[in-house]
Amino acid sequence: MTISRRTFFLTAAALPIAACAAEAQQIPTTANEARYANDPIRRLTEAQWRARLEPQAFRVLRQEATERAGTSPLDNEHRRGTFVCAGCELELFRSEWKFDSGTGWPSFFRVIEANIGAKRDVLLFTPRTEYHCARCLGHQGHVFEDGPRPTGLRYCNNGAALRFVPT
């Protein structure tokens, strides 16, 4: 069997991504999401979400898009405060958990675990763990196992999916 150069290089390029991909984190997704099952935010229509969100936030939160690296001002946010979901304002991260990952996206080594859900994502042909807001189910980003101590995790978040609330 012969493989084309293109197939070989595409496969080789995917290996580092696969090596960094986190196995499905042990997040109590069902319980976290069930707490908000009757929340009015869950009954918003697509039209209501479009009216409520900026276009980029809508694409990220509701359609699971990814913003371009380096485009979010939140990547350079260093004040003390809390990062909340841009869709429903549920608290997700504390500023002291943020670190510079060098990726161009806001990154955190810890999350308020009770406020997220997770699912397996194989869109890029390698298993990753996608995480989302437990209240509005809005896509936030992916978690990888290449973060700093003490957790070793990197919650790589779309800035468009967050708002910063200073202390």
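What counts, and where the lines are drawn
- Residues numbered from 1 in each chain as written.
- Predicted model: local features only at pLDDT ≥ 70, side-chain atom pairs only at ≥ 80, totals over all residues.
- Heavy atoms only, no water.
- Buried < 20%, exposed > 50% of the residue type's maximum accessible area, 1.4 Å probe, protein only.
- Helix = DSSP H or I, 4+ residues; strand = E, 2+ residues; numbered from the N terminus.
- Pairing = 2+ DSSP bridges.
- Axes fitted to C-alpha atoms, helices over the stretch in contact; angles between N-to-C directions.
- Contact = heavy atoms within 4.5 Å.
- Core = buried A, V, L, I, M, F, W, Y, C linked by side-chain atoms within 4.5 Å.

Caption draft 1: Molecular detail of the pairing of strand β8 (residues 154-157). Alternating positions in β8 separate into two faces, R154 and C156 on one and Y155 and N157 on the other, with burial throughout. Sheet topology note: the strand β4 (residues 107-108)/β8 ladder contains two bridges and is antiparallel. From the neighbouring strand, S107 faces β8, where its bridge partner is C156. Judged from the four bridges that link them, strand β7 (residues 139-144) and β8 form a sheet pairing that is antiparallel. Bridging across to β8, F144 finds its partner in R154.

Caption draft 2: Just the sheet that holds strand β9 (residues 162-166), in detail. Here three strands make up an open sheet; going across it, the order is β2-β1-β9 and the pairing antiparallel. Because the sheet does not close on itself, it has two edges, and the strands there are β2 (91-94) and β9. Neighbour to neighbour, the strand axes of the sheet diverge by 30 degrees on average, direction disregarded. Sheet topology places strand β1 (residues 81-85) next to β9; five bridges connect them, and they run antiparallel. Residue pairing across strands places C85 opposite L162, the latter belonging to β9.

Caption draft 3: Highlighting the side chain of E77. You can see E77 is positioned in the loop between α4 (55-63) and β1. In this structure E77 comes out as buried when scored by relative accessible area, which is 12%. Once residues within four sequence positions are removed from consideration, E77 is found in contact with F83, K98 and F164.

Caption draft 4: Examining the nonpolar core more closely. Of all hydrophobic cores here, the largest spans 32 residues; its most connected members are F93 and Y155. Listed by contribution, the elements that provide at least two residues to this core are α4, β1, β2, β5 (116-121), β6 (128-133) and β9. At four residues, α4 tops the list of elements feeding residues into this core. Those residues in contact with Y155 that lie beyond four places of it in its chain are F93, P106, S107, F108, F109, R110, V111, I116, Y131, H142 and V143.

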